[in-house]
Each structure stands twice: as C-alpha cells, then as structure tokens.
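Structural description and commentary
Next come the chains, spelled out residue by residue.
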Amino acid sequence: MHLRLIVPSDRSERVLNTLVADPRVTSIVRLPGAARRPEGDVVECDVTREATSDILTWLKAQGLYDEGAVALASVDAAPSRNAQAAEKAAPGAPDDAVIWDAVVDQAYNEAGGSWVYYAFLTLATMIASVAVITDSAILVVGAMVVGPEFGVVAALAVGIFLRKGGLTRRSLSLLVKGFVLAIALTALTALLARVVGWVDVSDVTAARPLTGFIWRPDKWSAVVAVLAGCAGVLSQTAGRGNALVGVFISVTTVPAAGDLALSVALWAPHHIGGAAAQLGINLAGMTAAGVVTLLLQRLIWRSYLKVKRRTGARVEA
C-alpha cells in the first residue's frame, strides 16, 4: 500500500525515523515544506498490507489525522528487491490483513447516497420487472449486476460490527429509501404500461419457469444470501473487488424488488408477500453474514499475530 502523508514540521523527524526503522516500510521519500494545505512536510512510502493498520494507528496517535493528512492507495505491483524484503518482514499474507481505516472510510462513502445510487437502483429494478414480464433469466442477471445495493449492505455490516451508530443509521436509511423509491417508480411505470395495454396481472401470476423462484423464497434463498454476504465483505476487506461480480449475480434483492413493484401495480396479493419476503431474506442474510465475516477476520488475524509473537516474529504494537 502507498501512503502519502502531510506531516506537521514539529513531528516530521519522529515520523520519518519511525518509518525508516520499520522493515515493513520501504520507498520512503521526504519533501520538506512542500505541503501548503495543510502546511508541513510531504512524506511518501510503501507499506506492506499486513503492517498498514499498525502504521495508520500510530500515525493517528501522532495527530496526523487531525493536523496533517493521510492518503492511502493500492500498489498494483512492486517487483523491486526492497519491496520483496519488506514483504518478508511482515507476518501473514497480504489478503488476510484488514485495513480497518480504509474499510470504514469506504463504508461512509457507500452510505453517503447520491442521485446516481438511486438512479442505478431504480433502473435495475425496472430491468428486473421486465425480466418478470418476459420470464427472462438473462434480464434477471442483468438487473443483479446493475444493482448498487451491496456496497450499502456492506456499510451497514461495518457499522453494526464496529458499533458506529451514525454509519448504521445512514446505511439502513439509504437502503430503505433507495428500495422504496425504486419500487414506487417501477410500480408507477407498470401502471402506465397497464393503461396502454402492454401488461396485465397474468404476466405476474403466470407459471414463469425461469423467474418464478423470485417470489418463492425457500431455505436456499437464505443460504445463498449468507454465502454471498460472506464473499462480498471478504472481497472488499481483502481488496479483491473482482469477486463482487459473482456476489451481484448470486442474490435476488433487485429482482425481488422488481417483482414486488409489479405485484403491487397489477395487484397480485399472493406474489406481494413472496417477493417482499425474498427481498427481506436477502438483505438480512447478507448483513448478518457480513457482520460475522468481519468478526472472524479480526479474531483470526489477532490469533495469528499472537502466535507470531510467541515464536519471536517482529510485530509492531
């Protein structure tokens, strides 16, 4: 991981000496007096992922979060011998280490909400409603991929696990408002389509061999939601964002929202309950699984570090 720091001049030597003394840190550069807002020295370095949380915790204690600045970026490749030596000095595997400050920062960003989030969720729900009408499995997958809700679910899990009430409330509020708006707009669109004769209630209540599972949740719905929640949170905390695509096309949150909107607009009461249950099961299952995954990651990593300390491996406090 690459760190770019702005360090107040009265702490610059202390920070620099600490970074230089840590074998898990390399490629250290200091630019005296280069920063203007805030003022101070610019210090850049590369830190092994396993050591990043330790370094950030120490920098926070030095006041850099309040009186300086800290920016973090992922390094895609570092083939130099110095980087390899730093990696060998750090215990564990990079993917096993969770950079909690980055996880929290990302969670707050996801829970911030924007018109783009509402737009994507609404469009995904509308695509899902068309999938129900046409009984198209391909469109169901498309709606799953377009839906942006998992980032907010992950933020909710982080807020619950770290007991951050503000983050928890913001995430939950964004999930509720997003799905209410998406379902309402999709239902309104379905009503207009009904007026012009494009759809009727039989499009929802028909057999639908390819999409009927959406409104008929069962035990496997809960199992998939839990597994997807674990995989999604793990991919985010381990920096493996490419795995999220598989998560998106595993859960039926958005398809259930599309089915629910159609069922309300065309009035299919039996389907309303099933689609609502499917939506709730997926959201609750992913959130609970995310909290458990974060707990296990913390416990496993701490246990690993304790073992390393007992065997004499160097680990910074």
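Look up: the structure comes first, before these words.
Description of the structure in this document. (Residues numbered from 1 in each chain as written. Predicted model: local features only at pLDDT ≥ 70, side-chain atom pairs only at ≥ 80, totals over all residues. Heavy atoms only, no water.)

Assigned secondary structure in the protein chain consists of 14 helices and four strands. Considered along the principal axes of its C-alpha atoms, the protein chain spans approximately 75 × 45 × 35 Å. Within the protein chain, buried positions represent 45% of all 317 residues. Long-range pairs, those at least 24 residues apart, make up 79% of the contacts in the protein chain with a sequence separation of at least 6. Separation between the mean location of the 28 positive side-chain charges and that of the 25 negative ones in the protein chain comes to 6 Å. (Helix = DSSP H or I, 4+ residues; strand = E, 2+ residues; numbered from the N terminus. Buried < 20%, exposed > 50% of the residue type's maximum accessible area, 1.4 Å probe, protein only. Contact = heavy atoms within 4.5 Å. Lys, Arg positive; Asp, Glu negative; His and termini not counted. Charge placed at Lys NZ, Arg CZ, Asp CG, Glu CD.)

In this section: helix α13 (residues 253–266). Spanning 14 residues, α13 covers 20 Å between terminal C-alpha atoms, matching the ideal 20 Å at 1.5 Å per step. Most of α13 sits out of view: 13 of its 14 residues are buried. Positive backbone phi, at 55°, marks W267, one or two positions downstream of α13. (Expected span 1.5 Å × (residues − 1).)

What follows concerns the nonpolar core. Grouped together as the largest cluster of nonpolar side chains are 56 residues, with contacts concentrated most on V158, L175, F179 and L283. Elements represented by at least two residues in this core include exactly α5 (100–110), α6 (115–134), α7 (137–146), α8 (149–161), α9 (165–195), α11 (219–237), α13 and α14 (269–310). Those residues in contact with F179 that lie beyond four places of it in its chain are L121, E149, T253, A257, L279 and L283. (Core = buried A, V, L, I, M, F, W, Y, C linked by side-chain atoms within 4.5 Å.)

Once that is clear, we can look at the pattern of salt bridges. Using the criterion set out here, one finds seven salt bridges in the structure. Members of the salt-bridge network, linked through shared partners, are D10, R11 and E67. (Salt bridge = Lys/Arg side-chain N within 4 Å of Asp/Glu carboxyl O.)

Viewed as axis vectors pointing N to C, α5 and α8 meet at an angle of 125°, and their least axial separation amounts to 8 Å. Comparing the axis directions of α5 and α8 gives the class oblique. As α5 runs across α8, the sense of the crossing is left-handed. The segment α5 lies against α8, with W100, V103, V104, A107 and E110 engaging G151, V152, A155, V158 and F161. Residues of the contact of α5 with α8, tallied by class, amount to eight nonpolar, one polar and one charged. (Axes fitted to C-alpha atoms, helices over the stretch in contact; angles between N-to-C directions. Parallel < 35°, antiparallel > 145°, perpendicular 65-115°, else oblique. Left-handed = near helix turned anticlockwise from the far one by under 90°. Nonpolar A, V, L, I, M, F, W, Y, C, P; charged D, E, K, R; others polar.)

So, on to the environment of V132. Summarising the element assignment, V132 is placed in helix α6. C-alpha separation for the pair V132 and T205, spaced 73 residues apart in sequence, amounts to 9.9 Å. Leave out the neighbours within four places in its chain, and V132 touches D203, R208, T211, I214, D259 and L262.

The next thing to look at is the pairing of strand β1 (residues 2–7). Looking at chain direction, β1 and strand β3 (residues 39–47) are connected through six bridges and run antiparallel. Bridged to V7 within β3 is D41. Two elements, β1 and strand β4 (residues 69–73), share five bridges in a ladder whose sense is antiparallel. Looking at β4, one finds that L5 is bridged to V70. (Pairing = 2+ DSSP bridges.)

Glancing now at unusual backbone geometry. Omega for the peptide link from R37 to P38 comes to -5°, which places this bond in the cis form. Structurally, P38 can be placed in the loop between β2 (25–36) and β3. Of note, S27 is a non-glycine position whose phi angle comes to about 55°, a positive value. Examined against the element boundaries, S27 turns out to sit in strand β2. At W267, a residue that is not glycine, the phi angle is positive and equals roughly 55°. Inspection of the secondary structure puts W267 in the loop between α13 and α14.

Locating Q297 in the fold gives a position in helix α14. You can call Q297 buried: its relative accessible area is 10%. Separated by 201 residues in sequence, Q297 and D96 place their C-alpha atoms 7.6 Å apart. If we skip the residues at most four places from it in the chain, Q297 touches V98, V233, L234 and T237. Within the structure, Q297 has its side chain in polar contact with the side chain of T237 (distance 2.9 Å). (Polar contact = N/O pair within 3.5 Å; in protein donor to acceptor, adjacent residues only side chain to side chain.)

For the rest of this paragraph, the subject is the sheet that holds β2. The strands that make up a sheet are held in pairs by hydrogen bonds between backbone atoms, and each pair lies either parallel or antiparallel. A sheet is described by the order of its strands in space; here four strands give the open sequence β2-β3-β1-β4, paired in antiparallel fashion. The open sheet terminates on both sides in strands that have one partner only, identified here as β2 and β4. Between one strand and the next, the sheet's axes are offset by a mean angle of 15°, whatever the strand orientation. This element, helix α1 (residues 12–21), spans β1, β2 and β3 of the sheet and lies at about 165° to β2.

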